[in-house]
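Report on the structure
Chain by chain, the residues:
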Amino acid sequence: MNDKKLIKAALEAKEMAHVPYSGFHVGAAVLMEDDKVYTGCNIEIASYSPTICAERTAIFKAVSEGKKKVKAIAIVGDSKHTYPCGVCRQVIREFGKDAKVIIANDEQDYLVYQLEELLPHSFGPEDLANSSREEEDV
Ligand code: THU
């Protein structure tokens, strides 16, 4: 699976965006450890707060099918380069500390980052697993 194919999958997912309030369409495609691709779009809800971003739709679909390691994610939106919001960066980090993040306008015009560049000095599962604070507190 190359970058362009992942971008194509994200562009197709963007078509499904349910955005009656913002009108801003986003699509995402995640490449998981077994090279399977899961796609997602943003879905907006009238009471606003349940709205979910495309990136999280895609990742939660993968995780709900037992895939827990993100190798790469491609994101496309209605702005030229749509970067993941802070919440989505944290969710990508949970399942892909070393993930490649592809911010695409189209299959020819895209930027490639490592998640670490977009969310430096992050907090993650290892912090909880390695925690010794609990013992100190008792
Ligand atoms: N949105 C995403 O889907 N991903 C992001 O990372 C940024 C924002 C969506 C949420 C909402 O439906 C619309 O874009 C406007 O914020």
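Overview of the structure.

About the cut-offs
- Residues numbered from 1 in each chain as written.
- Predicted model: local features only at pLDDT ≥ 70, side-chain atom pairs only at ≥ 80, totals over all residues.
- Heavy atoms only, no water.
- Core = buried A, V, L, I, M, F, W, Y, C linked by side-chain atoms within 4.5 Å.
- Buried < 20%, exposed > 50% of the residue type's maximum accessible area, 1.4 Å probe, protein only.
- Near = heavy atom within 4 Å.
- Polar contact = N/O pair within 3.5 Å; in protein donor to acceptor, adjacent residues only side chain to side chain.
- Areas by Shrake-Rupley, 256 points an atom, 1.4 Å probe, with all protein chains shown as cover.
- Nonpolar A, V, L, I, M, F, W, Y, C, P; charged D, E, K, R; others polar.
- Pairing = 2+ DSSP bridges.
- Helix = DSSP H or I, 4+ residues; strand = E, 2+ residues; numbered from the N terminus.
- Phe/Tyr/Trp six-rings, centres within 6.5 Å; stacked < 30°, edge-to-face > 60°.
- Contact = heavy atoms within 4.5 Å.

1. Thoughts on the nonpolar core
For soluble globular proteins, the rule of thumb is that nonpolar side chains tend to be buried together. By size, the foremost hydrophobic cluster in this structure holds 22 residues, and its most contacted members are Val30, Ile59, Val70, Ile73 and Val101. Within the second largest apolar cluster, eleven residues are counted, among which are Leu6, Ala10, Leu31 and Ala72.

2. Observations regarding the site of the ligand
Every residue lining the ligand is accounted for by Ser22, Phe24, Val26, Asn42, Glu44, Thr51, Cys53, Ala54, Glu55, Tyr83, Pro84 and Cys85. One of the side-chain N or O atoms of Glu55 is found 2.7 Å from an oxygen atom in the ligand. For the ligand, whose free accessible area comes to 370 Å², the fraction covered by protein is 78%. Residues belonging to the shell around the ligand are distributed by class as follows: seven nonpolar, three polar and two charged.

3. A short note on the pairing of strand 2 (residues 37–41)
Bridge analysis of strand 1 (residues 26–32) against strand 2 gives five bridges, and the strand direction is antiparallel. Residue pairing in the sheet places Gly27 in a bridge with Cys41 of strand 2. What sits between strand 1 and strand 2 in their antiparallel hairpin is a turn of four residues, with Asp35 showing a positive phi close to 70°.

4. A short note on the packing of aromatic side chains
Under the counting rule described, the total for this entry stands at two aromatic pairs. On the basis of an interplanar angle of 65° and a centroid distance of 5.6 Å, the ring pair of Tyr83 and Tyr113 is categorised as edge-to-face. In this pair, Tyr83 is assigned in the loop between strand 3 (70–77) and helix 3 (86–95) and Tyr113 in strand 5 (residues 110–114), connecting sequence segments 30 residues apart. Looking at Tyr83, the relative accessible area reads 33%, which means it is partly exposed.

5. Side note on the pairing of strand 1
The two faces of a sheet get side chains in turn, since along a regular strand they alternate between them. Burial analysis of strand 1 places seven of its seven residues in the buried class, which makes it a mostly covered element. Of the two faces of strand 1, both are covered, the one formed by Val26, Ala28, Val30 and Met32 as well as the one formed by Gly27, Ala29 and Leu31. Relative to strand 3, strand 1 runs antiparallel, the two sharing seven bridges. Counterpart to Met32 in the pairing with strand 3 is Val70.

6. So, the side chain of Arg93
Mapped onto the elements, Arg93 comes out in helix 3. With relative accessibility at 3%, the residue Arg93 sits in the buried group. One polar contact links Arg93 to Glu126, side chain to side chain, over a distance of 3.0 Å. When sequence neighbours within four positions are dropped, the list of residues in contact with Arg93 reads Leu115, Leu119, Ser122, Phe123, Gly124, Pro125 and Glu126.

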